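# Results of the structural survey
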Amino acid sequence: MAYVSPNIDPYRKGQSFASWYKRLGYHFRINKVAEENRKDQMFLLGGEYLFEVAQNLYLSEQLLDAAPLEELVEKLKQKLDKTDSALIQRFKFGSRVQQPGETASDFLFSLKLQAEYCAFKNDKDGRILDRVLIGLSDDALRQKLLAEEGEKFDLAQAEKMITTWEMAASHAKALTKEDSSTQIASIGSLTGGRGAVLQRITALARGRGPVKSRLGQRPQFQSTVQPYNRYNDRGSYPSQSRQPRPARFQEQHRRYQDAAVYPAEMRDNQQQRIDQRVCEYCGVRGHVKRKCFRLKHFKKDPINSIDMEQPGPSMENKLSNMMNQMTWEDKSDDSDQGELDCMHISTINQISSPCLLELTVEGKILQMEVDSGASVSVIGKKLFITKFDIPLQKSSRNLIVVNGSSLSVAGEAIVSVDFRNKTSILKLVVLDCEHNFIPLLGRT
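Residues numbered from 1 in each chain as written. Predicted model: local features only at pLDDT ≥ 70, side-chain atom pairs only at ≥ 80, totals over all residues. Heavy atoms only, no water.

If you tally the helices and strands in the protein chain, you get 16 helices and 8 strands. When burial is assessed residue by residue, the protein chain has 23% of its 444 residues classed as buried. Taking as baseline every contact in the protein chain between residues at least 6 positions apart, the subset at least 24 positions apart corresponds to 49%. If you sum the accessible surface of the protein chain, you get close to 33,400 Å²; carbon and sulfur atoms cover 52% of it. (Helix = DSSP H or I, 4+ residues; strand = E, 2+ residues; numbered from the N terminus. Buried < 20%, exposed > 50% of the residue type's maximum accessible area, 1.4 Å probe, protein only. Contact = heavy atoms within 4.5 Å. Areas by Shrake-Rupley, 256 points an atom, 1.4 Å probe, with all protein chains shown as cover.)

Once that is clear, we can look at the pairing of strand S2 (residues 364-370). Of the strand pairs in this sheet, strand S1 (residues 356-361) and S2 are connected by 6 bridges, and their pairing is antiparallel. Bridging from a neighbouring strand, Leu356 pairs with Glu369 of S2. Hairpin remark: S1 followed by S2, antiparallel, with 2 residues in the connecting loop; positive phi at Glu362, about 55°. In this sheet, strand S8 (residues 440-441) lies alongside S2 in parallel orientation, the contact comprising 2 bridges. Bridged to Glu369 within S8 is Leu440. (Pairing = 2+ DSSP bridges.)

Soluble, globular proteins show a tendency: their nonpolar side chains are buried together. Counting residues in each nonpolar core, the largest one holds 22 residues, and the members touching the most others are Phe17, Trp20 and Met42. Within the residue set of this core, elements represented by two or more residues are helix H1 (17-30), helix H2 (35-46), helix H3 (48-56) and helix H5 (69-80). Setting aside its immediate chain neighbours within four residues, Trp20 contacts Ile8, Asp9, Pro10, Tyr11, Gln15, Met42, Leu45, Gly46 and Leu50. Counting residues in hydrophobic clusters, the runner-up holds 20 residues, among them Phe93, Ala115, Leu145 and Ala158. (Core = buried A, V, L, I, M, F, W, Y, C linked by side-chain atoms within 4.5 Å.)

We now examine the pattern of salt bridges. Side chains carrying opposite charge are able to pair once their charged atoms draw close together. One pass over the structure, following the stated rule, counts 7 salt bridges. In this structure, the salt-bridge partner of Glu159 is Lys112, at a minimum N-O distance of 3.6 Å. Here the residue Glu159 occupies a position in helix H10 (residues 155-185), and Lys112 occupies one in helix H7 (residues 104-115), the gap between them amounting to 47 residues. One salt bridge in this structure joins Glu412 and Arg397, with 2.9 Å as the shortest N-O distance. Pair noted here: Glu412 is in strand S6 (residues 409-419) and Arg397 is in the loop between helix H16 (381-387) and strand S4 (399-400), with a separation of 15 residues, a long-range link. (Salt bridge = Lys/Arg side-chain N within 4 Å of Asp/Glu carboxyl O.)

Once that is clear, we can look at the side chain of Gln98. Turning to its location among the elements, Gln98 is positioned in the loop between helix H6 (86-94) and H7. Beyond its immediate stretch of four places on either side in the chain, Gln98 contacts Thr103, Ala104, Phe107, Gly135, Leu136, Ser137 and Asp138.

Turning our attention to the environment of Leu113. Summarising the element assignment, Leu113 is placed in helix H7. Taking C-alpha positions, Leu113 is 9.7 Å from Phe93, a pair spaced 20 residues apart along the chain.

Here we take up the packing of H1 against H2. At their nearest, the axes of H1 and H2 sit 11 Å apart, and the two run at 120° to each other. Here H2 runs oblique to H1, going by the angle between their axes. The crossing of H1 and H2 is right-handed. Residues Phe17, Trp20, Tyr21, Leu24, His27 and Phe28 of H1 lie in contact with H2, whose contacting residues are Arg38, Gln41, Met42, Leu45 and Gly46. Of the residues assigned to the contact of H1 with H2, the class counts are 7 nonpolar, 3 polar and 1 charged. (Axes fitted to C-alpha atoms, helices over the stretch in contact; angles between N-to-C directions. Parallel < 35°, antiparallel > 145°, perpendicular 65-115°, else oblique. Left-handed = near helix turned anticlockwise from the far one by under 90°. Nonpolar A, V, L, I, M, F, W, Y, C, P; charged D, E, K, R; others polar.)

To describe two helices that pack against each other, one gives the angle between their axes and the distance between the axes. Axis separation between H2 and H3 bottoms out at 6 Å; the angle between their running directions is 130°. Taken together, the axes of H2 and H3 are oblique relative to one another. Two secondary-structure elements touch here, H2 through Met42, Phe43 and Gly46 and H3 through Glu48, Leu50, Phe51 and Ala54. Among the residues making up the contact of H2 with H3, the classes are represented as 5 nonpolar, 1 polar and 1 charged.

Moving on: the pairing of strand S3 (residues 377-380). Along any regular strand the residues' side chains alternate between the sheet's two faces. Every second residue of S3 is oriented toward a common face, with Ser377 and Ile379 on one face and Val378 and Gly380 on the other, all of them buried. Both S3 and strand S7 (residues 422-431) contribute to a ladder of 4 bridges, which runs parallel. Bridge pairing in S7 links Gly380 to Leu431.

Taking 1.5 Å per residue, 12 residues should reach 16 Å; helix H8 (residues 124-135) reaches 16 Å between its end C-alpha atoms and fits that length. The set of residues buried in H8 consists of Ile128, Leu129, Arg131, Val132, Leu133 and Gly135. (Expected span 1.5 Å × (residues − 1).)

Considering only enclosed or pocket space, the second largest pocket measures out at about 330 Å³ in volume. For the lining of the second largest pocket, the class distribution of residues is 11 nonpolar, 2 polar and 1 charged. (1 Å grid on protein atoms, 1.4 Å probe; cavity = no way out; pocket = protein on both sides within 12 Å on 5 of 7 lines; lining within 4 Å. Points joined across faces, edges and corners; volume = space filled by probe spheres on them.)

It is worth spelling out unusual backbone geometry at this point. In this model, Lys32 sits at a positive phi of 50°, which is unusual for a non-glycine residue. Relative to the helices and strands, Lys32 resides in the loop between H1 and H2. The phi dihedral of Ala119 is positive, around 60°, even though this residue is not glycine. The topology assignment puts Ala119 in the loop between H7 and H8.

A separate point is the side chain of Ser110. Here Ser110 is to be found in helix H7. Within the structure, the side chain of Ser110 is placed 2.7 Å from the backbone oxygen of Phe107, a separation counted as a polar contact. With residues up to four places along the chain from it excluded, the contact list for Ser110 reads Arg96 and Glu102. (Polar contact = N/O pair within 3.5 Å; in protein donor to acceptor, adjacent residues only side chain to side chain.)

Right, here's the structure in full:
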């Protein structure tokens, strides 16, 4: 007897072991392999992974060798072909409906496969038929199935009706396409009226042609006057064999085609139009502010540069000149002229030096800086202890500088201040800070 070599690939992880072992059974049958040798051939043909799984099923190699083939195969099926329980399979079967793009026959076939794992006993065909009627998406087909007599109607008849229904639907669709093609072919035989229009549409659909032939081309205006080109302003013209070079933009030079004279002659007779608008920035006539050359190239940021260049007599320059000419004029006898020169506004384009005053505070000379932006008068704690021997009072003030940080207040002190033979009471806020600074004379 001739021996047939096995054409079976080794078992791979994730593959169905039941299907692989079924193919191996055909090998055993055609080669008439004895029962005592089948387990050995299964290990030889199954590969390394299958042998390792079989070894893990038993505690020792002796038990593996002594185990019968049927027992080993059953354990391998339970290990490698894990399936859901019958309860889960029945749940999947009960929720199955026809999916979009799935035919009714494919839906019926998938239900029959699913029912094999649901452990239905005697009423499997009835349950499949019920699920088909519930899950069908074609209402017309469902109505046709329900119209049959209930006692004689079974799953085999339903499967036959579904197959016939799908074949009839496919044939009707093919006939509809043939009728449409026949109607389109008959358009060529129609003449006049609607038939001519349809025939024209068919011809355009076959060969549309260029855009100009379909939409039409506007004829170019022909003029007897020679168009304007680079040879018009010269005394000589090119030879007759050489055609003059056409203008680059014909639409722009169309205004010269019908003219009796050339642009050189028109320039003398026609007055050029000049823009009469005046720039709000530089004051020059002929353009607007957003097109001003000086505004784009000479204007600088006043924050980064104090000495800003003044390009022209604009409103900003006029305001700057007015501020530069402002002076304090106090004609009274009690004028502070000479004492408060730092308070004079001389220019807005330069940073003025600090305004310092020498005041007599509690009989001691103290130099303070005038700060009209400060709401209170402040002094450092170290300088206050050095100058004065006055107890501090508690203060509930919260001082915040312009950058948002808060200052630590040590307390307050009420002092008497003498300036120009005038005495006043001043409340000093003492700050607890490490750095020394010139005391500030605020608004209060």
